[in-house]
Amino acid sequence: MEKPNLHHFSSLLLVFLFTLSLGTQTTTGRKFSIREATIDDLQLAFKHNQLTSRQLVQFYLGEIKRLNPFLKAVIEVNPDALYLADKADYERKTKAPPTSLSKLHGIPILVKDNIATKDKLNTTAGSYALLGSVVPRDAGVVTKLRNAGAIILGKASLSEWSFWRSNDAPPGWNARGGQGVNPYNSLATPCGSSSGSAISAAANLATVTLGTETDGSILCPSSYNSVVGIKPTNGLTSRAGVVPVSLRQDTVGPICRTVSDAAHVLDVIAGIDQNNIATTGASRYIPKGGYARFLRRDGLRGKRIGIVRALFNFSGQTSLTPIYEKHFNTLRKGGAVLVDNLEIPHFDEIYSDGSSENTALSAEFKIYINTYLKELVASPVRSLADLIAFNNKNAKLEKVKEYGQGLFLEAEATNGIGKAEKAALLNLARFAKDDYVNLVTKNKLDAVAAPRQYVSTLLAISGSPGVIVPTGYDDGVPVGLSFGGLRGWEPKLIEMAYGFEQATRIRKPPSLKKLKF
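The structure displayed is predicted, hence computed values, not measured ones.

Reading guide: rules and limits
Residues numbered from 1 in each chain as written. Predicted model: local features only at pLDDT ≥ 70, side-chain atom pairs only at ≥ 80, totals over all residues. Heavy atoms only, no water. Disulfide = S-S within 2.5 Å. Helix = DSSP H or I, 4+ residues; strand = E, 2+ residues; numbered from the N terminus. Core = buried A, V, L, I, M, F, W, Y, C linked by side-chain atoms within 4.5 Å. Buried < 20%, exposed > 50% of the residue type's maximum accessible area, 1.4 Å probe, protein only. Contact = heavy atoms within 4.5 Å. Pairing = 2+ DSSP bridges. Axes fitted to C-alpha atoms, helices over the stretch in contact; angles between N-to-C directions.

**Comments concerning the state of the cysteines**
Step number 1: Scanning the entire structure with this criterion turns up one disulfide.
Step number 2: Two residues share a disulfide in this structure: C191 and C220, whose sulfurs sit 1.8 Å from each other. Taking the torsion about the S-S bond as the criterion, the C191 to C220 disulfide, at about 90°, is right-handed. Note that C191 is positioned in the loop between β7 (178-179) and α7 (195-202) and C220 in helix α8 (residues 219-224), a separation of 29 residues in sequence.

Following this line, the structure appears as structure tokens:
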């Protein structure tokens, strides 16, 4: 991990010993634990003067100082975090009525390091190539977070360039932050690319976090770190100010410890952004009254949930079968109807290594990353070719010998959307309609359930949402269950995910005792 500037951890030496005691606050005769607290818990503690945002931020800064040298989940801490906490505390005391404040007011959040913040934090996608670059403005989702009174605590680590530099780099690695570590089992993958966001949520380094997904980058790390992730409908949340892979597939979503927290975050970040035209159309999907009203304990009742056995079998992980078979019964007991043994006609083609998706993404990455780099106010690199040259010049720093930059080179060799790319895009559109949308509509499904992140490619190519919930542990390694729907179906998915979560309460925090610091 790069040596942090001293101001990144300003005040930490003064508050560290104090913050260790903040895991449990004792006020007015009652004990309140920050660790594992939900947004609702924290807001209630604020209301009853059991907790301040400053104390909350101090706690997380202490935990980051204690755990991050090993977990490597956070690239930078916001040097203004305590100032923002004091501002939130002041607003809470002076604004009337308090109910006018957002659920996220005074709540610390870590955002993935490919999400731009116009402040003292860098936005680098984990690469030294963008260190010191200047973004033109906050990302659209960050603007919404700030307007809601959330505290930007810092930048979460990630798989460098959202896993689009090389297939040879391990999940969760980036040059600036190093190798992210799964807090449940240091030998297990943290998965990517939103690894730092998921590790941070799991290990209580922030109240909530934001990740991004092109294909599986929210769902996979959420599964392996026993947290909840929502991959929104494409365009429901703004992509403006996010270091891109593909504007066709990229989306920003919450990674949190509970479904309720994820719904509260989605309520804030969803909606129109003038800098992202795609949000204009997708905003019609936002339900009146928001997403949190779909947190229903009986959310599984009456839902038709499809089971595509190929999604459960193609991973070859037979040890997971008993876990999922057990929870098929959980779904039934919750009142859901399972439509089993469904088939996807072009399954092998959709999930093949040399798929149409990779062909399209390679060309799109070059187009969109070049545009992003050119729009920066200041930057040492202005094109994909510059990035490749930077990595070659700084090969030791960026571990080019170990991990290469094969995906960069493949993308640079493309020349726009040519014949092959057009054919690939047509294939993806056909697969999305004939294989996924038709599967859901013809069988009158409310969702498709799938192990871990394996439904992600179907959701990615169709621009559809998914929610993943902790489902169990395989030899100590967390496992998740995904619910995938059609565009705009977040309310249904949140109902099912919440109903499943409340019926099982599978998630447990990592003990961290087995990890060597």
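That covers the picture; the talk isn't over yet.
**Let's talk about the nonpolar core**
Taken as a class, soluble globular proteins show a tendency for nonpolar side chains to be buried jointly.
Step number 1: Of all hydrophobic cores here, the largest spans 117 residues; its most connected members are L145, L210 and F483.
Step number 2: The biggest single contributor to this core is helix α3 (residues 53-71), with nine residues.
Step number 3: With near-sequence residues (within four places) excluded, L145 lies in contact with L104, I109, V111, A150, I152, L210, V268 and I269.
Step number 4: Of all hydrophobic cores here, the second largest spans 28 residues; its members include A424, F431, V448 and L458.

**So, the sheet that holds strand β12 (residues 337-342)**
Step number 1: Strand order in the open sheet formed by eleven strands is β3-β5-β4-β8-β10-β9-β14-β15-β13-β11-β12, with mixed pairing between adjacent strands. Among the strands making up the open sheet, the edge pair consists of β3 (74-77) and β12. Averaged over all neighbouring strand pairs, the angle between strand axes comes to 30°, with direction disregarded.
Step number 2: Sitting on the sheet, α7 is in contact with β3, β4 (108-112), β5 (151-156), β8 (208-213) and β10 (251-256), with an inclination near 155° to β8.
Step number 3: Against the sheet, helix α20 (residues 490-504) makes contact with β9 (228-231), β11 (304-308), β13 (447-451), β14 (466-474) and β15 (477-484), and its axis sits at roughly 20° relative to β14, the strand it touches most.

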